[in-house]
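# Chain and residue survey
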Amino acid sequence: MITLKGDSIYLRALEPNDLEFVYAMENDQSIWEVSNTQTPYSRFLVRQYLENAHQDIYEAKQLRLAICQDEDFPAVGLIDLFEFDPKNNRAGVGIVIQSAENRKQNIGSEALGLLIKYAFHNLNLHQLYANISTKNAASIALFTKFGFENIGIKKDWILLNGHYQDEAIFQLINKQI
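This one's a predicted model, so the numbers in the text were calculated from it and none came from an experiment. Starting from 1, residues in each chain are numbered consecutively following that chain's sequence as written. Given that this is a predicted model, residues contribute local features only at a pLDDT of at least 70 and side-chain atom pairs are listed and counted only at 80 or more, while totals for whole chains, interfaces and linings are drawn from all residues. Excluding hydrogens and water, the side-chain values take into account all heavy atoms of the structure.

## Observations regarding the nonpolar core
We call a set of buried residues a nonpolar core when its members are Ala, Val, Leu, Ile, Met, Phe, Trp, Tyr or Cys and they connect through side-chain atoms within 4.5 Å of each other. The buried label goes to any residue with under 20% of its type's maximum accessible area, the exposed label to any with over 50%, and the partly exposed label to all in between, with areas taken from a 1.4 Å probe on protein chains only. With 35 residues, the main nonpolar core has Leu11, Ile67, Ile79, Leu81, Leu128 and Phe143 as its most contacted residues. Looking at this core, the elements that each hand over two or more residues are strand E3 (63-68), strand E4 (75-85), strand E5 (90-97), helix H6 (107-122), strand E6 (127-133), helix H7 (137-145) and strand E8 (163-173). Should any heavy atoms of two residues lie within 4.5 Å, those residues are counted as being in contact. Here Leu81 is in contact with Ile57, Lys61, Gln62, Leu63, Ala91, Gly92, Val93, Leu115, Ala119, Leu123 and Leu128, once residues within four sequence places are set aside. With 14 residues, the next largest nonpolar core counts Val22, Met25, Val46 and Leu78 among its residues. By definition, any uninterrupted DSSP run of H or I lasting at least four residues is a helix, any uninterrupted run of E lasting at least two residues is a strand, and each is numbered from the N terminus.

## Notes on the packing of aromatic side chains
Within 6.5 Å between ring centres, the rings of Phe, Tyr and Trp (the latter by its six-membered ring) count as paired, and their orientation is classed by plane angle as stacked under 30 degrees, edge-to-face over 60, tilted in between. One pass over the structure, following the stated rule, counts three aromatic pairs. With a centroid separation of 5.9 Å and an interplanar angle of 80°, the aromatic rings of Phe82 and Tyr129 are classed as edge-to-face. Here Phe82, found in strand E4, pairs with Tyr129, found in strand E6; they are 47 residues apart in sequence, far enough to count as distant. Measuring from centroid to centroid gives 5.0 Å for Phe143 and Phe148, while their planes differ by 85°, and the two rings are edge-to-face. Exposure remark for Phe148: the relative accessible area of 3% places this residue in the buried category. Lysine and arginine charges are scored as sitting over a ring when NZ or CZ, respectively, is within 6 Å of the ring centre and within 35 degrees of the ring normal. The residue whose ring lies beneath Arg43 is Tyr23, and the NZ or CZ to ring-centre distance is 4.0 Å.

## Structural notes on the environment of Ala141
Along the chain, Ala141 falls in helix H7. Spatially, the C-alpha atom of Ala141 lies 9.9 Å from that of Ser109, the residues being 32 residues apart in sequence.

## Remarks on the pairing of E4
Among the 11 residues of E4, nine are classified as buried, and the element is accordingly described as predominantly covered. Only strands that DSSP links by at least two bridges are regarded as paired with each other. In terms of strand pairing, E3 meets E4 through six bridges, oriented antiparallel. Within E4, the residue paired with Arg64 across the bridge is Asp80. Of the pairings in the sheet, the one linking E4 to E5 comprises seven bridges and is antiparallel in character. Each bridged residue has a counterpart across the sheet, and for Asp85 the counterpart in E5 is Arg90. In sequence, E4 turns back onto E5 through a hairpin of four residues, with Asn89 there showing a positive phi of about 55°.

Now the structure itself:
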């Protein structure tokens, strides 16, 4: 099981008892825009996903970790490496924090820092990228804080409430490799 510890949070592999949390996150329409979700997920599908969450990143091509504040508390968010490409040593990064009050506690920043360190030092990735709506100022600030650079805009990329929005692609190159 993967556990990455920071000063006030830790990242851990998903567990079967995360069913209700993941179910609630996947079905929270207020965050569907950032997660590219379009339809609700059943508990059955989430349970199947959790049963296969033990797969190695090289097999599943993704790694989803729960963001937790304390050993006694449930997850407060999720952070992912997705589209893992070991040939080209890159992966996408996604993060979502469940509640607005948790978003103001530096949880996302600490989680992203831990994941970047893991991706670059343990997986030896050359680069990470994130797709972020150009209207999502909080996510842009979070990723640029860690050195992600806006390398392009995908025009009219996201259809939200009948209107198209632009999406930026941010990239972080591992200068150590």
